[in-house]
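Here is how the chains run, residue by residue.
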Amino acid sequence: MTGGTQNILLRFTLDGRAFVLRRPPMHPRANSNETMRREARVLGALAGTGVPHPGLIAACEDEGVLGAVFYLMEPVDGFNPAAGLPSLHAENADVQHRMGLALVEGIASLGMLDPMALGLNGFGKPEKFLERQVSRWRGQLEGYAAFQGWPGLGGLPGVADVAAWLETNRPSDARPGILHGDYHLGNVMYRPDGPELAAIIDWELATIGDPLIDLGWLLATWPEPGEAGTVSVQPWIGFPTGDELVAHYAAHSDRDLSSVGWYRVLACYKLGILLEGSYARACAGQAPMETGEKLHGRAVRLFQRALNWIG
């Protein structure tokens, strides 16, 4: 199956039943098998909840069977909007508006779950979760200096200012919950017959921490009027505004949203740093320069967006 860029997805039928197998790439990263274990664990924990997700069938942690950890899940009848919209969803503004609201309801319902009640003890380190964020990503950005040819921090506007604002305005640690870790329109599937979510997919960054991280991530990738979003969906004729997303989240969650601006600025900071990593690798000849420059441009826009938000 296509759509992903790293892990392998295979769909097959056995005795009349369809399965989807997910495993690491043929040349796995150092943490690929652990990632598969974590994905399977969180999907298993979500069974029976109201969070739309691919149903877990079974997981195999024995790396000797296929050469890597893998799991089987139920196929999802749906489409990914970043790959193109069917006519029903492309031509109807009301359908698109509901798609955006359904997207928010997915993470709101996820964030309301009790991870301990679902057996996810030890799945993350929620203590001082927010306090670790800025230093963690600042360290990653500084590490790009190892890539020869990368022009350095000067190519990103306001890195130090954004980091300082985040440290000064950090909310107190919130009630721990499950977060997806990379929540946007490219990591969900919608039902082909309407605007509701069919499944949230790609759970490799899921952990236990502050679920409002997911809302901030969604807002950071969401288009502002007159701007392009980080995740492109076309045509864009009826999707809600960022403020409408926040209001809808508030209506479906008991979490305190008074500091929601902090979470979206953090998301710009983190995502901008991640995208800049691809540019640093391209400067060192380890990735196509065309791709690197494109992602660098997105990183610059994210930092500029953060600066605009903090005033």
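Scroll up to find the structure.
What you are looking at is a predicted structure, and each value in this text was computed from that prediction instead of being measured. (Residues numbered from 1 in each chain as written. Predicted model: local features only at pLDDT ≥ 70, side-chain atom pairs only at ≥ 80, totals over all residues. Heavy atoms only, no water.)

Draft legend 1. Here's a closer look at the overall build of the protein. Looking only at helices and strands, the protein features 10 helices and 8 strands. If one aligns the C-alpha atoms of the protein with their principal axes, the spans along those axes are about 60 × 45 × 40 Å. In the protein, which comprises 311 residues, the share counted as buried stands at 48%. Counting only carbon and sulfur atoms, one obtains 52% of the accessible surface of the protein, whose full area is about 14,300 Å². For the protein, the distance from the average position of its 25 positive side-chain charges to the average position of its 34 negative side-chain charges is 5 Å. (Helix = DSSP H or I, 4+ residues; strand = E, 2+ residues; numbered from the N terminus. Buried < 20%, exposed > 50% of the residue type's maximum accessible area, 1.4 Å probe, protein only. Areas by Shrake-Rupley, 256 points an atom, 1.4 Å probe, with all protein chains shown as cover. Lys, Arg positive; Asp, Glu negative; His and termini not counted. Charge placed at Lys NZ, Arg CZ, Asp CG, Glu CD.)

Draft legend 2. Representation of the pairing of strand E2 (residues 17-23) in the model. The element E2 is largely enclosed, with a buried count of 5 among its 7 residues. Where strand E1 (residues 8-14) lies against E2, 7 bridges are found, and the strand directions are antiparallel. Within the sheet, the bridge partner assigned to leucine 10 lies in E2 and is leucine 21. Connecting E1 to the next strand, E2, in antiparallel fashion are 2 residues, including aspartate 15 with a positive phi near 55°. (Pairing = 2+ DSSP bridges.)

Draft legend 3. Molecular detail of the nonpolar core. Leu103, Trp203 and Tyr269 are the most contacted members of the largest nonpolar core, which totals 84 residues. With 14 residues, helix H9 (residues 260-283) is the largest single contributor of residues to this core. In this view, tyrosine 269 contacts Val134, Trp137, Arg138, Val159, Val162, Ala163, Leu166 and Phe303; residues no more than four positions away in its chain are not counted. (Core = buried A, V, L, I, M, F, W, Y, C linked by side-chain atoms within 4.5 Å. Contact = heavy atoms within 4.5 Å.)

Draft legend 4. How the structure looks around the packing of helix H4 (residues 93-111) against helix H8 (residues 242-251). Two numbers describe how H4 lies on H8: the axes approach to 9 Å, and their chain directions differ by 45°. With respect to H8, the element H4 is oriented oblique. As H4 runs across H8, the sense of the crossing is right-handed. Packed against H4, whose contacting residues are His97, Arg98, Gly100, Leu101, Val104, Glu105, Ile107 and Ala108, the element H8 presents Glu244, Leu245, His248 and Tyr249 at the interface. Classifying every residue of the contact of H4 with H8 gives 6 nonpolar, 3 polar and 3 charged. (Axes fitted to C-alpha atoms, helices over the stretch in contact; angles between N-to-C directions. Parallel < 35°, antiparallel > 145°, perpendicular 65-115°, else oblique. Left-handed = near helix turned anticlockwise from the far one by under 90°. Nonpolar A, V, L, I, M, F, W, Y, C, P; charged D, E, K, R; others polar.)

Draft legend 5. Examining the environment of alanine 68 more closely. Within the fold, alanine 68 resides in the loop between helix H2 (63-66) and strand E4 (70-73). A relative accessible area of 1% places alanine 68 in the buried class. In the structure, alanine 68 is positioned 43 residues away from proline 25 in sequence and 9.0 Å away in space, judged by C-alpha atoms. Dropping the residues within four chain positions of it, alanine 68 is found in contact with Arg23, Pro24, Asn33, Asp62 and Glu63.

Draft legend 6. Molecular detail of helix H10 (residues 289-310). The first and last C-alpha atoms of H10 sit 31 Å apart over 22 residues, in line with the 32 Å expected at 1.5 Å per residue. Where the residues of H10 are buried, they touch helix H6 (159-168), helix H7 (212-221) and H9. Downstream of H10 by a residue or two, glycine 311 has a phi angle that is positive, lying close to 75°. (Expected span 1.5 Å × (residues − 1).)

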